[in-house]
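# Architecture at a glance
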Amino acid sequence: MAAPASAPADSRSRPAVRDVVFVDGVRTPFGKAGSKGQYAQTRADDMVVKVIRELLRRHPELPAERIDEVAIAATTQIGDQGLTIGRTAALLAGLPKSVPGFAIDRMCAGAMTAVTTVSSGIAFGAYDVVIAGGVEHMGNHPMGEGADPNPRFVSDKIVDPSALVMGSTAENLHDRYPSLTKERTDAYAALSQQRYDEAMQAGKIAPDLVPVATRSDEGWGLATTDEPPRPGTTVETLSGLKTPFRPHGRVTPGNAAGLNDGATGALLADAETAEELGLPVGMRLVGYAFAGVEPEVMGVGPVPATEKALQRAGLTIDDIGLFEINEAFAVQVLAFLEHFGIADDDPRVNPWGGAIACGHPLASSGVRLMTQLSRHFEEHPEVRYGITTMCIGIGMGGTVIWENPNYNAGGEQ
């Protein structure tokens, strides 16, 4: 007779799941990729150093030795974005050598995945305080640089060749949702530019931008603002732009995010440690989910990821009062909104504009979404839950649900 199974370990040996809080987030101004961009002669790892140092400067109540991990994402992990950038940037930023670090890649959702990964560690008890973020220098390291996709992807018809070209996947999404016309995507793009400009003029965006010393052939400079925005953009100015991914197509440089450089960083902690150290709480993590979709229409990824995250959290889309949706392409945002019955111009969605205006340095963008959502929570105590969501190359989506710590301060929603 088989021996009886061993008794389970004493439950006291297993740590209880802890509450995870988003303390604060910052980013560099985002630049245009290329030889004329403001970061053309700036190293990617130096941008990460700036955000780490700024987080510590803003929070002198946090002893540097209390940081348990530094997780930094980059999509193209070579050159100044390689060499386990979480560890090297931590050393360059002057953190104690006892602070470890690592690099992570989930393409556009790199920083988002850095946050969810370390948050799981915080919840389990492996960490108390963590820095997580991302960087992309698309000027020095274009998307796909050094990559060698397996030829079987195409020869075995695992994916359509268009799956490897992000702009083509957006055109495919238009095909799948004929109601999402070019006119609607142009209107959404113009609104993104307008909302970003209004937020910038109102002083809402600049406080989270970390100035970066830059170098060019003309000498030294200081990056203090985002380069990509185009104030005054109208549907009329967008209507005549070329469609580089398909003749007579619908995706243009005006209704999509550009190629950009930039870095982001966030502080996360467990709730008890935040209280012990006197760290502010910007948001409480409720849950998250990632989901796979057909790579040819990767822009639809936020839909199943959000449904999965909501189901696991016991919430519905009606519980969500604020949305930060990454604008890789306008059609991708509209596909999400149409699926959930949300109007194209709903004021709850990207209130300060999005990546179509400010830029999308791939792996860094997830923390920009989170930082902005935490600022929205401060202004909207009537909102209890918000989400950050984004599509991801090679056919994925990611969604994180957050709770407003200020909820009820202004009354019921």
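Keep in mind it's a predicted model, so treat the numbers as computed, not measured. (Residues numbered from 1 in each chain as written. Predicted model: local features only at pLDDT ≥ 70, side-chain atom pairs only at ≥ 80, totals over all residues. Heavy atoms only, no water.)

### Side note on the UniProt feature "domain: Thiolase C-terminal" (unreviewed entry) in the protein
Going by this rule: UniProt positions are given in the numbering used here, feature names are shortened, and annotations may be inferred rather than shown by experiment. Secondary structure is summarised from DSSP: a helix means a run of H or I of at least four residues, a strand means a run of E of at least two, and numbering begins at the N terminus for each.
Look at the UniProt record and you will see "domain: Thiolase C-terminal" (unreviewed entry) annotated at residues 284-403. Taken end to end, residues 284-403 is 34% helix and 26% strand, and its first and last C-alpha atoms sit 5 Å apart.

### Some points on the packing of helix H5 (residues 166-176) against helix H10 (residues 330-339)
As a reminder of what qualifies: Lines are fitted to the C-alpha atoms to define the axes, a helix being fitted only along its stretch in contact, and any angle between axes, read from their N-to-C directions, falls within 0 to 180 degrees. Each crossing gets its hand from how the near helix is turned against the far one by less than a right angle, where anticlockwise is left-handed and clockwise is right-handed. Only heavy atoms matter for contacts: two residues are in contact if any of them lie within 4.5 Å across the pair. Classification convention: Asp, Glu, Lys, Arg as charged; Ala, Val, Leu, Ile, Met, Phe, Trp, Tyr, Cys, Pro as nonpolar; all other residues, Gly among them, as polar.
For the pair H5 and H10, interaxial distance at closest approach is 9 Å and the crossing angle is 40°. The element H5 and its partner H10 pack so that their crossing is left-handed. On the side of H5, the interface is formed by Ala170, Leu173 and His174, while H10 contributes Val331, Gln332 and Ala335. Of the residues that constitute the contact of H5 with H10, the class distribution is 4 nonpolar, 2 polar and no charged.

### A short note on the pairing of strand E8 (residues 260-270)
Quick note on the threshold: For every residue, the accessible area (1.4 Å probe, protein chains only) is compared with the maximum for its type, and the residue is labelled buried under 20%, exposed over 50%, or partly exposed between those bounds. Paired strands are those between which DSSP finds at least two bridges.
In terms of burial, E8 is a largely internal element, 11 of the 11 residues being buried. Alternating residues of E8 divide into Asn260, Gly262, Thr264, Ala266, Leu268 and Asp270 and Asp261, Ala263, Gly265, Leu267 and Ala269, and every residue in both groups is buried. Strand direction decides the pairing type here: strand E1 (residues 20-27) and E8, joined by 7 bridges, are antiparallel. When the sheet's bridge partners are listed, Gly25 is paired in E8 with Ala266. Two strands pair when backbone bridges link them, and strand E2 (residues 31-32) and E8 are joined in this way by 2 bridges, in the antiparallel orientation. Of the residues in E8, the one forming a bridge with Lys32 is Asn260.

### Concerning the nonpolar core
Stated precisely, the cut-off is as follows: To form a nonpolar core, buried Ala, Val, Leu, Ile, Met, Phe, Trp, Tyr and Cys residues must be joined to one another through side-chain atoms within 4.5 Å.
If you look at the biggest cluster of nonpolar residues, it comprises 40 residues, and the most contacted ones within it are Ile320, Phe323, Phe329, Phe336, Leu337 and Ile401. The set of elements that each furnish at least two residues to this core consists of H5, helix H6 (182-201), helix H9 (302-313), strand E10 (320-325), H10 and strand E11 (385-392). It is H10 that provides the largest number of residues to this core, a total of 7 residues. Once residues lying within four places of it in the same chain are set aside, the contact partners of Ile320 are Leu310, Arg348, Tyr385, Gly386, Ile387 and Ile401.

### As for the packing of aromatic side chains
Both the distance between ring centres and the angle between the ring planes are used here to describe each pair of aromatic rings. We count it as follows: Whether two aromatic rings pair depends on their centres lying within 6.5 Å, for rings of Phe, Tyr and Trp, where Trp uses its six-membered ring; planes under 30 degrees apart make the pair stacked, over 60 edge-to-face, and the rest tilted. Whether a charge sits over a ring depends on NZ of Lys or CZ of Arg being within 6 Å of the ring centre and within 35 degrees of the ring normal.
All told, the structure shown has 4 aromatic pairs when counted by the stated rule. The interplanar angle of 75° and the centroid separation of 5.9 Å between the aromatic rings of Phe22 and Trp402 together place this pair among those described as edge-to-face. One end of the pair, Phe22, is in strand E1; the other, Trp402, is in strand E12 (residues 396-403), and 380 residues separate them in sequence. You can call Phe22 buried: its relative accessible area is 0%. Accessibility expressed as a relative area gives 0% for Trp402, which makes it buried. Counting every residue linked through ring pairs, the aromatic cluster contains Phe323, Phe336 and Phe340. If you follow Arg27 out to its NZ or CZ, it ends over the ring of Phe30, 4.3 Å from the centre.

### Here's the deal with the packing of H9 against H10
Rules: Roughly parallel here means an angle under 35 degrees, roughly antiparallel means over 145, roughly perpendicular means 65 to 115, and every remaining angle is called oblique.
Two elements in contact, H9 and H10, have axes separated by 9 Å at closest approach and are oriented at 45°. Classified by the angle their axes make, H9 and H10 are oblique. Where H9 approaches H10, its residues Pro302, Val303, Thr306 and Glu307 are matched on the opposing element by Gln332, Ala335, Phe336 and His339. Taken together, the residues of the contact of H9 with H10 sort by class into 4 nonpolar, 3 polar and 1 charged.

### Considerations on H5
What sets the pattern is the α-helix's 3.6 residues per turn: residues three or four places apart point alike. The element H5 is extensively covered by neighbouring structure, given that 9 of its 11 residues are classed as buried. Where H5 is concerned, the buried positions are Met166, Gly167, Ser168, Thr169, Ala170, Glu171, Asn172, Leu173 and His174. The inward-facing, buried residues of H5 abut H6 and H10.

### Considerations on the UniProt feature "active site" (unreviewed entry) in the protein
Those residues carrying the UniProt feature "active site" (unreviewed entry) are Cys108, His360 and Cys391 in this numbering. For the annotated residues, spread through 284 residues, the largest C-alpha to C-alpha distance comes to 12.0 Å, consistent with a single compact locus. Among the structural elements, His360 can be located in the loop between helix H11 (355-358) and helix H12 (365-379). Residue His360 is classed as buried on the basis of its relative accessible area, which comes to 4%. Excluding residues that lie within four positions of it along the chain, His360 makes contacts with Cys108, Met138, Ala257, Gly258, Asn260, Asn326, Ala328, Ala355, Ser365 and Met390. Not counting chain neighbours up to four residues away, the residues in contact with Cys391 comprise Cys108, Met298, Gly299, Pro302, Ala328, Gln332, Met396 and Gly397.

### Section: the confidence of the model for the protein
We apply this condition: A residue's pLDDT is the confidence the predictor assigns to it, expressed on a 0 to 100 scale.
The pLDDT averaged across the protein works out to 95; a share of 95% of its residues lies at or above 70. Predicted confidence for residues 1-7 stays below pLDDT 50, and this span has 0 contacts to residues more than four positions away or in other chains.

### Overview of the pattern of salt bridges
Rules: Should a side-chain nitrogen of Lys or Arg be within 4 Å of a carboxyl oxygen of Asp or Glu, the pair is scored as a salt bridge.
All told, the structure shown has 24 salt bridges when counted by the stated rule. Residues Asp208 and Arg58 are paired through a salt bridge, measuring 3.5 Å at the closest nitrogen-oxygen approach. Separated by 150 residues along the polypeptide, Asp208 in the loop between H6 and strand E6 (212-216) and Arg58 in helix H1 (residues 44-58) bring together distant segments of the chain. Look at Arg58 and you get partly exposed, because its relative accessible area is 24%. Residues Arg184 and Glu338 are paired through a salt bridge, measuring 3.0 Å at the closest nitrogen-oxygen approach. Taken together, the residues Arg184 in helix H6 and Glu338 in helix H10 connect sequence positions 154 residues apart.

### Topic: unusual backbone geometry
The phi torsion at His248 lies on the positive side, around 55°, for a residue other than glycine. Exposure remark for His248: the relative accessible area of 82% places this residue in the exposed category. Of note, Ile394 is a non-glycine position whose phi angle comes to about 70°, a positive value.

### Notes on the environment of Ala189
Mapped onto the fold, Ala189 is located in helix H6. Ala189 sits in the buried class, given a relative accessible area of 0%. Once the C-alpha coordinates of Ala189 and Asp346 are considered, the two residues, 157 residues apart in sequence, prove to be 14 Å apart. Once you skip the residues sitting within four places of it in the chain, Ala189 turns out to touch Leu238, Gly254, Asn255 and Ile356.

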